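# Fold and geometry: a report
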Amino acid sequence: MLITRRVEFSASHVCHSPGLDERENRALYGESANPHGHGHNFAVEVSLEGRPDPVTGMVFDLKRMKEVLHREVVGPMDHRFLNYEVPPFDRVVPTPENLAIEIWKRVAPHLNSPAARLHSVRVYETEDLWVEYFGEEP
Amino acid sequence: MIRLTRRYRFSASHRLDSPQLSEAQNREIYGQCNNPRGHGHDYLLEVGVRGPVDQRSGRVADVAALDGLVGSEAIRPFDHRNLNQDVAEFASTVPTAENLALEIERRLRAKWGAVFPGEWPRLERIRIRETKRNAIELP
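Right, let's walk through the structure included here. (Residues numbered from 1 in each chain as written. Chains lettered and ligands numbered in written order. Predicted model: local features only at pLDDT ≥ 70, side-chain atom pairs only at ≥ 80, totals over all residues.)

## Here's the deal with the overall build of chain A
What chain A contains, in helices and strands, is four helices and five strands. Starting at the N terminus and ending at the C terminus, chain A contains elements arranged as β-α-β-α-β-α-α-β-β. Principal axes of the C-alpha set define a box for chain A whose edges measure 60 × 30 × 25 Å. Out of the 138 residues belonging to chain A, those deemed buried represent 36%. Taking the intrachain contacts of chain A between residues at least 6 apart in sequence as the baseline, contacts between residues at least 24 apart amount to 68%. (Helix = DSSP H or I, 4+ residues; strand = E, 2+ residues; numbered from the N terminus. Buried ≥ 20, exposed ≤ 12 C-beta atoms within 10 Å, placed from the backbone. Contact = placed C-beta atoms within 7 Å.)

Structure (C-alpha coordinates):
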(Lines give C-alpha, C1' and ligand atoms only; values in the text may rest on other atoms or scores of the structure.)
Protein backbone atom coordinates (compact mmCIF):
# COMPACT_ATOMS: atom_id res chain seq x y z
CA MET A 1 0.00 0.00 0.00
CA LEU A 2 0.96 3.63 -0.39
CA ILE A 3 1.37 6.09 2.46
CA THR A 4 1.45 9.76 1.51
CA ARG A 5 2.49 12.89 3.33
CA ARG A 6 1.86 16.37 1.95
CA VAL A 7 3.72 19.58 2.64
CA GLU A 8 3.39 23.03 1.15
CA PHE A 9 5.83 25.81 0.53
CA SER A 10 5.68 29.16 -1.20
CA ALA A 11 8.55 30.21 -3.41
CA SER A 12 9.43 32.27 -6.44
CA HIS A 13 11.18 31.11 -9.57
CA VAL A 14 12.01 31.99 -13.16
CA CYS A 15 11.81 29.40 -15.90
CA HIS A 16 14.53 30.42 -18.29
CA SER A 17 17.08 28.09 -19.85
CA PRO A 18 20.56 29.33 -20.78
CA GLY A 19 20.52 26.64 -23.49
CA LEU A 20 17.73 28.47 -25.33
CA ASP A 21 17.62 31.90 -26.89
CA GLU A 22 15.20 34.62 -25.74
CA ARG A 23 12.57 33.83 -28.32
CA GLU A 24 12.69 30.10 -27.54
CA ASN A 25 12.50 30.78 -23.81
CA ARG A 26 9.48 33.02 -24.29
CA ALA A 27 7.77 30.51 -26.58
CA LEU A 28 8.35 27.59 -24.23
CA TYR A 29 7.81 29.08 -20.80
CA GLY A 30 5.54 32.03 -21.62
CA GLU A 31 5.01 34.33 -18.65
CA SER A 32 7.06 31.97 -16.50
CA ALA A 33 10.16 33.39 -18.22
CA ASN A 34 9.56 36.92 -16.88
CA PRO A 35 13.06 37.91 -15.71
CA HIS A 36 12.23 39.07 -12.19
CA GLY A 37 10.36 35.87 -11.37
CA HIS A 38 6.97 35.04 -9.93
CA GLY A 39 5.72 32.72 -7.23
CA HIS A 40 3.53 29.75 -6.44
CA ASN A 41 2.13 27.96 -3.46
CA PHE A 42 3.78 24.65 -4.25
CA ALA A 43 2.48 21.44 -2.71
CA VAL A 44 4.51 18.25 -2.48
CA GLU A 45 3.04 14.82 -1.91
CA VAL A 46 5.53 12.10 -1.15
CA SER A 47 4.34 8.49 -1.25
CA LEU A 48 6.04 5.42 0.18
CA GLU A 49 5.11 1.90 -0.80
CA GLY A 50 5.21 -0.88 1.75
CA ARG A 51 3.39 -3.15 4.15
CA PRO A 52 2.24 -2.29 7.64
CA ASP A 53 4.62 -3.44 10.36
CA PRO A 54 2.93 -6.30 12.25
CA VAL A 55 3.65 -4.67 15.61
CA THR A 56 3.06 -0.94 14.96
CA GLY A 57 0.51 -1.29 12.15
CA MET A 58 2.37 1.43 10.25
CA VAL A 59 4.13 1.36 6.88
CA PHE A 60 6.33 4.24 7.99
CA ASP A 61 6.31 6.69 10.85
CA LEU A 62 4.44 9.76 9.54
CA LYS A 63 6.16 11.94 12.13
CA ARG A 64 9.49 10.96 10.61
CA MET A 65 8.18 11.67 7.10
CA LYS A 66 7.07 15.07 8.29
CA GLU A 67 10.49 15.80 9.85
CA VAL A 68 12.33 14.71 6.70
CA LEU A 69 10.08 16.76 4.40
CA HIS A 70 10.44 19.85 6.56
CA ARG A 71 14.20 19.50 6.91
CA GLU A 72 14.92 18.67 3.26
CA VAL A 73 12.21 20.56 1.40
CA VAL A 74 10.17 23.14 3.33
CA GLY A 75 13.06 24.55 5.38
CA PRO A 76 15.38 25.20 2.41
CA MET A 77 12.68 26.20 -0.10
CA ASP A 78 9.87 28.01 1.71
CA HIS A 79 9.78 31.75 1.01
CA ARG A 80 12.87 31.56 -1.18
CA PHE A 81 13.72 32.56 -4.73
CA LEU A 82 14.62 29.10 -6.01
CA ASN A 83 16.96 30.22 -8.80
CA TYR A 84 19.14 32.28 -6.45
CA GLU A 85 18.83 30.59 -3.09
CA VAL A 86 18.31 26.86 -3.57
CA PRO A 87 20.98 24.85 -5.39
CA PRO A 88 20.97 23.26 -7.94
CA PHE A 89 18.44 25.72 -9.35
CA ASP A 90 21.18 28.25 -9.99
CA ARG A 91 22.05 26.00 -12.96
CA VAL A 92 19.00 23.73 -13.36
CA VAL A 93 15.73 25.31 -14.56
CA PRO A 94 13.29 25.09 -11.61
CA THR A 95 10.41 23.60 -13.57
CA PRO A 96 8.07 21.42 -11.53
CA GLU A 97 9.66 18.43 -13.30
CA ASN A 98 13.13 19.33 -12.05
CA LEU A 99 11.74 20.19 -8.60
CA ALA A 100 10.23 16.70 -8.33
CA ILE A 101 13.55 15.09 -9.31
CA GLU A 102 15.50 17.26 -6.85
CA ILE A 103 13.06 16.57 -4.01
CA TRP A 104 13.33 12.82 -4.74
CA LYS A 105 17.13 13.07 -4.43
CA ARG A 106 16.87 14.97 -1.17
CA VAL A 107 14.33 12.76 0.61
CA ALA A 108 15.03 9.27 -0.78
CA PRO A 109 18.05 8.51 1.46
CA HIS A 110 15.95 9.25 4.55
CA LEU A 111 12.73 7.48 3.68
CA ASN A 112 13.77 3.93 2.95
CA SER A 113 13.24 1.25 5.57
CA PRO A 114 13.11 -2.54 5.45
CA ALA A 115 9.32 -2.25 5.12
CA ALA A 116 8.95 0.73 2.81
CA ARG A 117 10.51 2.38 -0.21
CA LEU A 118 9.98 5.72 -1.89
CA HIS A 119 7.30 5.34 -4.58
CA SER A 120 6.64 8.80 -5.98
CA VAL A 121 7.09 12.52 -5.55
CA ARG A 122 4.23 14.67 -6.78
CA VAL A 123 4.73 18.42 -7.11
CA TYR A 124 1.77 20.71 -7.61
CA GLU A 125 2.75 24.03 -9.10
CA THR A 126 -0.90 25.08 -9.07
CA GLU A 127 -4.11 23.13 -8.56
CA ASP A 128 -4.26 22.79 -12.35
CA LEU A 129 -0.70 21.63 -13.05
CA TRP A 130 1.28 18.90 -11.35
CA VAL A 131 3.99 16.36 -12.10
CA GLU A 132 4.84 12.96 -10.67
CA TYR A 133 8.28 11.37 -10.56
CA PHE A 134 8.71 7.67 -9.87
CA GLY A 135 12.51 7.56 -9.75
CA GLU A 136 14.96 6.38 -12.36
CA GLU A 137 13.72 3.60 -14.60
CA PRO A 138 15.34 0.31 -13.60
CA MET B 1 10.23 9.58 -16.73
CA ILE B 2 7.85 12.14 -15.41
CA ARG B 3 4.11 12.27 -15.63
CA LEU B 4 2.72 15.77 -16.02
CA THR B 5 -0.96 16.41 -15.48
CA ARG B 6 -2.90 19.45 -16.48
CA ARG B 7 -6.42 20.14 -15.24
CA TYR B 8 -9.08 21.89 -17.33
CA ARG B 9 -12.69 22.89 -16.83
CA PHE B 10 -15.76 23.02 -18.97
CA SER B 11 -19.45 23.37 -18.22
CA ALA B 12 -21.99 21.54 -20.32
CA SER B 13 -25.48 20.11 -20.27
CA HIS B 14 -26.58 16.65 -21.28
CA ARG B 15 -29.36 14.12 -21.07
CA LEU B 16 -28.77 10.42 -20.64
CA ASP B 17 -31.25 8.63 -22.84
CA SER B 18 -30.43 5.58 -24.93
CA PRO B 19 -32.29 5.02 -28.19
CA GLN B 20 -31.81 1.30 -27.60
CA LEU B 21 -33.93 1.37 -24.46
CA SER B 22 -37.63 2.02 -23.89
CA GLU B 23 -38.83 5.17 -22.18
CA ALA B 24 -39.49 3.20 -19.00
CA GLN B 25 -36.08 1.52 -19.12
CA ASN B 26 -34.34 4.86 -19.68
CA ARG B 27 -36.11 6.34 -16.67
CA GLU B 28 -35.27 3.26 -14.62
CA ILE B 29 -31.58 3.14 -15.57
CA TYR B 30 -30.65 6.81 -15.73
CA GLY B 31 -33.05 8.19 -13.09
CA GLN B 32 -32.74 11.97 -12.75
CA CYS B 33 -30.17 12.04 -15.54
CA ASN B 34 -32.97 11.09 -17.93
CA ASN B 35 -34.84 14.34 -17.26
CA PRO B 36 -36.22 15.27 -20.73
CA ARG B 37 -34.86 18.82 -20.72
CA GLY B 38 -31.43 17.76 -19.52
CA HIS B 39 -29.19 19.14 -16.80
CA GLY B 40 -25.57 20.28 -16.55
CA HIS B 41 -22.25 19.85 -14.80
CA ASP B 42 -19.02 21.73 -14.22
CA TYR B 43 -16.67 19.09 -15.55
CA LEU B 44 -13.03 18.87 -14.55
CA LEU B 45 -10.79 17.20 -17.11
CA GLU B 46 -7.32 15.96 -16.20
CA VAL B 47 -4.94 15.12 -19.04
CA GLY B 48 -1.76 13.27 -18.05
CA VAL B 49 1.26 12.92 -20.32
CA ARG B 50 4.46 10.95 -19.76
CA GLY B 51 7.95 11.49 -21.01
CA PRO B 52 11.59 12.06 -20.18
CA VAL B 53 12.66 15.51 -19.01
CA ASP B 54 14.29 17.46 -21.83
CA GLN B 55 17.70 18.47 -20.51
CA ARG B 56 17.67 21.93 -22.05
CA SER B 57 14.14 22.98 -21.17
CA GLY B 58 13.62 20.99 -17.98
CA ARG B 59 10.18 20.03 -19.26
CA VAL B 60 8.45 16.80 -20.34
CA ALA B 61 5.97 18.62 -22.55
CA ASP B 62 5.31 22.04 -23.95
CA VAL B 63 2.41 22.95 -21.70
CA ALA B 64 1.22 25.76 -23.96
CA ALA B 65 1.05 23.29 -26.87
CA LEU B 66 -0.88 20.84 -24.70
CA ASP B 67 -3.26 23.61 -23.65
CA GLY B 68 -3.75 24.52 -27.31
CA LEU B 69 -4.57 20.95 -28.31
CA VAL B 70 -6.88 20.22 -25.40
CA GLY B 71 -8.53 23.61 -25.78
CA SER B 72 -9.36 23.19 -29.44
CA GLU B 73 -10.28 19.49 -29.29
CA ALA B 74 -11.79 18.93 -25.88
CA ILE B 75 -12.74 22.19 -24.19
CA ARG B 76 -14.10 24.66 -26.72
CA PRO B 77 -16.29 22.06 -28.52
CA PHE B 78 -17.98 21.20 -25.21
CA ASP B 79 -17.85 24.30 -23.03
CA HIS B 80 -21.25 25.91 -22.52
CA ARG B 81 -22.80 23.47 -24.96
CA ASN B 82 -25.56 20.93 -24.90
CA LEU B 83 -23.60 17.73 -25.52
CA ASN B 84 -26.53 15.85 -27.06
CA GLN B 85 -27.44 18.60 -29.49
CA ASP B 86 -24.20 20.46 -30.14
CA VAL B 87 -21.68 17.60 -30.41
CA ALA B 88 -22.22 15.33 -33.41
CA GLU B 89 -20.86 12.19 -31.71
CA PHE B 90 -23.46 12.42 -28.97
CA ALA B 91 -26.41 12.54 -31.31
CA SER B 92 -26.30 8.73 -31.25
CA THR B 93 -24.00 7.94 -28.31
CA VAL B 94 -25.19 8.53 -24.74
CA PRO B 95 -23.03 11.35 -23.27
CA THR B 96 -22.16 9.60 -20.03
CA ALA B 97 -18.89 10.59 -18.38
CA GLU B 98 -17.54 7.25 -19.63
CA ASN B 99 -18.34 8.02 -23.26
CA LEU B 100 -17.16 11.60 -22.83
CA ALA B 101 -13.77 10.33 -21.61
CA LEU B 102 -13.50 7.93 -24.58
CA GLU B 103 -14.49 10.66 -27.03
CA ILE B 104 -11.91 13.06 -25.58
CA GLU B 105 -9.25 10.37 -25.77
CA ARG B 106 -10.17 9.69 -29.42
CA ARG B 107 -10.02 13.39 -30.28
CA LEU B 108 -6.68 13.96 -28.55
CA ARG B 109 -5.07 10.87 -30.10
CA ALA B 110 -6.28 11.90 -33.58
CA LYS B 111 -4.35 15.21 -33.40
CA TRP B 112 -1.57 14.17 -31.00
CA GLY B 113 1.10 13.50 -33.64
CA ALA B 114 0.55 16.87 -35.29
CA VAL B 115 1.29 18.68 -32.01
CA PHE B 116 3.82 16.26 -30.51
CA PRO B 117 5.56 14.63 -33.50
CA GLY B 118 8.33 12.91 -31.50
CA GLU B 119 8.30 9.69 -29.51
CA TRP B 120 7.53 11.70 -26.34
CA PRO B 121 5.47 12.94 -24.62
CA ARG B 122 2.78 10.31 -24.78
CA LEU B 123 -0.82 10.70 -23.75
CA GLU B 124 -1.11 8.51 -20.69
CA ARG B 125 -4.17 9.28 -18.65
CA ILE B 126 -7.54 10.99 -18.91
CA ARG B 127 -9.76 11.60 -15.94
CA ILE B 128 -13.11 13.33 -15.96
CA ARG B 129 -14.73 14.49 -12.78
CA GLU B 130 -18.41 15.03 -13.46
CA THR B 131 -19.30 16.06 -9.91
CA LYS B 132 -17.40 16.03 -6.63
CA ARG B 133 -18.74 12.56 -6.10
CA ASN B 134 -18.04 10.80 -9.38
CA ALA B 135 -15.15 10.51 -11.79
CA ILE B 136 -14.04 8.34 -14.70
CA GLU B 137 -10.42 7.51 -15.36
CA LEU B 138 -8.71 6.01 -18.40
CA PRO B 139 -5.30 4.96 -17.17
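Once the structure has been displayed, the description carries forward.
## Let's talk about the overall build of chain B
Check the secondary structure of chain B and you find four helices and five strands. With respect to the principal axes defined by its C-alpha atoms, chain B has extents near 60 × 25 × 25 Å. Counting every position in chain B, which comprises 139 residues, the buried fraction comes to 26%. In chain B, once contacts between residues fewer than 6 apart in sequence are set aside, the share between residues at least 24 apart is 70%.

## Some details on the pairing of strand E2 (residues 39-51) of chain B
Where a strand is regular, its side chains alternate between the two sheet faces. Residues and elements named next belong to chain B. Judged from the 13 bridges that link them, strand E1 (residues 2-14) and E2 form a sheet pairing that is antiparallel. The residue bridging His14 from the neighbouring strand is His39, located in E2. In the sheet, E2 pairs with strand E4 (residues 122-131) via seven bridges, with the strands oriented antiparallel. Paired with Val47 across the strands is Ile126, a residue of E4. (Pairing = 2+ DSSP bridges.)

## Notes on the pairing of strand E1 (residues 2-13) of chain A
Residue and element names in this part refer to chain A. Two elements, E1 and strand E2 (residues 38-50), share 12 bridges in a ladder whose sense is antiparallel. Within E2, the residue paired with Arg6 across the bridge is Glu45. One ladder, built from two bridges, connects E1 with strand E3 (residues 80-81); its direction is parallel. Opposite Ala11, over in E3, you have Arg80 as the bridge partner.

## A look at helix H2 (residues 63-75) of chain B
Its 13 residues give H2(B) an end-to-end C-alpha distance of only 15 Å, which falls more than 12% under 18 Å, the value for a rise of 1.5 Å per residue. When H2(B) is considered as a whole, its buried residues turn out to be Val63(B), Leu66(B), Leu69(B), Val70(B), Glu73(B) and Ala74(B). When H2(B) is viewed along its axis, its buried side chains cluster within an angular range of 125° and face the same direction. Considering only its buried residues, H2(B) is in contact with strand E5 (129-133) of chain A together with E1, E2 and helix H4 (97-115) of chain B. (Expected span 1.5 Å × (residues − 1). Arc of directions from axis to C-beta.)

## Considering helix H1 (residues 22-29) of chain A
Those residues of H1(A) that sit buried are Asn25(A), Leu28(A) and Tyr29(A). All buried residues of H1(A) project into a common sector of 75° when viewed along the axis, lining one side.

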